[in-house]
Amino acid sequence: MSTTSRRGLFLTFEGLDGCGKTTQMHLLAERLRARGETVIETVEPGGTEIGMGIRRILLDPRNDNMGSEAEMLLYFAARAQNVHEVLEPAVARGEIVMSDRWTDSTWAYQGYGRELGTEVVRDLDAIACRGRRPDVTFWIDIDLEASLLRARSRNQERAEQDTRMDDQSRAFYERVYQGYLALEETEPERVVRIDGRGSVETVAERVMAAFEARRGSHV
Ligand code: TYD
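Residues numbered from 1 in each chain as written. Predicted model: local features only at pLDDT ≥ 70, side-chain atom pairs only at ≥ 80, totals over all residues. Heavy atoms only, no water.

A short note on the overall build of the protein chain
- Helix and strand counts for the protein chain come out as eight helices and five strands.
- In the protein chain, the succession of helices and strands from N to C terminus is β-α-β-α-α-β-α-α-β-α-α-β-α.
- Computed over the C-alpha atoms, the radius of gyration of the protein chain is 17 Å, within 12% of the 17 Å expected from 2.2 N^0.38 for a compact globule of 219 residues.
- Projected onto its principal axes, the C-alpha coordinates of the protein chain cover approximately 50 × 35 × 35 Å.
- Sorting the 219 residues of the protein chain into buried and exposed places 51% on the buried side. (Helix = DSSP H or I, 4+ residues; strand = E, 2+ residues; numbered from the N terminus. Rg over C-alpha atoms; globule rule 2.2 N^0.38 Å. Buried < 20%, exposed > 50% of the residue type's maximum accessible area, 1.4 Å probe, protein only.)

Listed below in structure tokens is the structure:
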């Protein structure tokens, strides 16, 4: 993972709603750009035009009768398009791609939260992402209470759109959190747990340190 290497790199940011991963992703992207790297930032669901259409369906509160399986397939449909349109071409050009959420969100939210299990998530990932897995995943870990508080205050600021997922029950988010814990246990070489408490700058330093620490193993 040398910064001068032409090998592409795929980094993802994960965590509970309101954990600060979006801000942290932008900060790491800026720091790497300042070193001369080409960094592409994307988001799931929604990193492409087709993905944005799928995102509107997924997060529309009027769709509260959506079945869990349909929901999971829509997340993967958005992601498959992202792989095709954004991820694969950029990695092939030797660029760094960063995604705000990826399949680990489906693992945690649908696999654990909706209790669909992790096996089906793995199987669908193999199809949608064609074997492309993140090189490093930063799990920005904040506790459930902090996440629920931030999600609620964000909800009040936002339009009605985009709030379907934020309306889930507490038990659901507890399962999601268990999903992230299990993920870190299953793939400790890929998934780095970052303490998300403290100032934005403090957390950014932790992300940077973790990124540097992983470099050697990805050259
Ligand atoms: P978003 O507004 O992007 O929230 P955040 O800033 O916290 O990422 O909403 C995305 C929501 O979709 C979030 O609640 C997590 C959920 N989600 C899934 O349930 N499964 C998935 O595969 C993905 C990518 C997201």
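Some points on the site of the ligand
- In the vicinity of the ligand lie 16 residues, with D17, K21, R101, T106 and Q110 positioned nearest.
- A distance of 2.8 Å separates an oxygen atom of the ligand from a polar side-chain atom of K21.
- A distance of 2.7 Å separates a nitrogen atom of the ligand from a polar atom in the side chain of Q110.
- When the ligand sits alone it has 540 Å² of accessible area, and the protein chains cover 95% of it.
- Contributions of two or more residues to the shell around the ligand are made by helix 2 (49–59), helix 3 (68–92) and helix 4 (103–113). (Near = heavy atom within 4 Å. Polar contact = N/O pair within 3.5 Å; in protein donor to acceptor, adjacent residues only side chain to side chain. Areas by Shrake-Rupley, 256 points an atom, 1.4 Å probe, with all protein chains shown as cover.)

Details of unusual backbone geometry
- Residue E44 is joined to P45 through a cis peptide bond whose omega torsion reads -5°.
- Of note, P45 is situated in the loop between strand 2 (39–43) and helix 2.
- One non-glycine residue, R101, lies in positive phi territory at about 75°.
- Its place among the elements puts R101 in the loop between strand 3 (96–100) and helix 4.
- For R101, a relative accessible area of 13% gives the class buried.
- Although it is not a glycine, E115 sits at a positive phi angle of roughly 60°.

Focus on the side chain of T42
- Its location among the elements puts T42 in strand 2.
- At 3.0 Å, the side chain of T42 forms a polar contact with the side chain of N82.
- When neighbours within four sequence positions are excluded, T42 is seen to be in contact with M25, G47, N82, V86, V97, M98, S99 and D100. (Contact = heavy atoms within 4.5 Å.)

Some points on the environment of I140
- Along the chain, I140 turns up in strand 4 (residues 136–141).
- Residue I140 is classed as buried on the basis of its relative accessible area of 1%.
- Sequence-wise, I140 and F13 are 127 residues apart; in three dimensions their C-alpha atoms are separated by 7.2 Å.
- Residues contacting I140, with those up to four places away along its chain left out, are E14, G15, C19, K21, Q24, I194, G196, V203 and V207.

Digging into the sheet that holds strand 3
- Sheet architecture is open: five strands sit in the order 2-3-1-4-5, paired in parallel fashion. The strands lining the two open edges of the sheet, one partner per strand, are strand 2 and strand 5 (191–195). Put simply, the sheet's adjacent strands are angled 20° from each other on average, direction ignored.
- Contacting strand 1 (9–14), strand 4 and strand 5, helix 8 (residues 200–215) runs over the sheet at an angle of about 155° to strand 5. (Pairing = 2+ DSSP bridges. Axes fitted to C-alpha atoms, helices over the stretch in contact; angles between N-to-C directions.)

Quick look at the pattern of salt bridges
- Inspection of every chain in the model, using the stated rule, returns 22 salt bridges.
- Put simply, E184 and R193 hold a salt bridge, and the shortest N to O gap is 3.4 Å.
- Look at the salt bridges and you will find they share partners, linking D104, R122, D125, R133, E187 and R190 into a network. (Salt bridge = Lys/Arg side-chain N within 4 Å of Asp/Glu carboxyl O.)

Some points on the packing of helix 1 (residues 21–34) against helix 8
- Two numbers describe how helix 1 lies on helix 8: the axes approach to 10 Å, and their chain directions differ by 60°. Relative to helix 8, the element helix 1 lies oblique. Read as a crossing pair, helix 1 and helix 8 show a hand that is right-handed. For the pair helix 1 and helix 8, contact is made by T23, Q24, L27, L28, R31 and L32 and by V200, V203, A204, E205, V207, M208 and F211, respectively.
- Of the residues belonging to the contact of helix 1 with helix 8, the class tally is nine nonpolar, two polar and two charged. (Parallel < 35°, antiparallel > 145°, perpendicular 65-115°, else oblique. Left-handed = near helix turned anticlockwise from the far one by under 90°. Nonpolar A, V, L, I, M, F, W, Y, C, P; charged D, E, K, R; others polar.)

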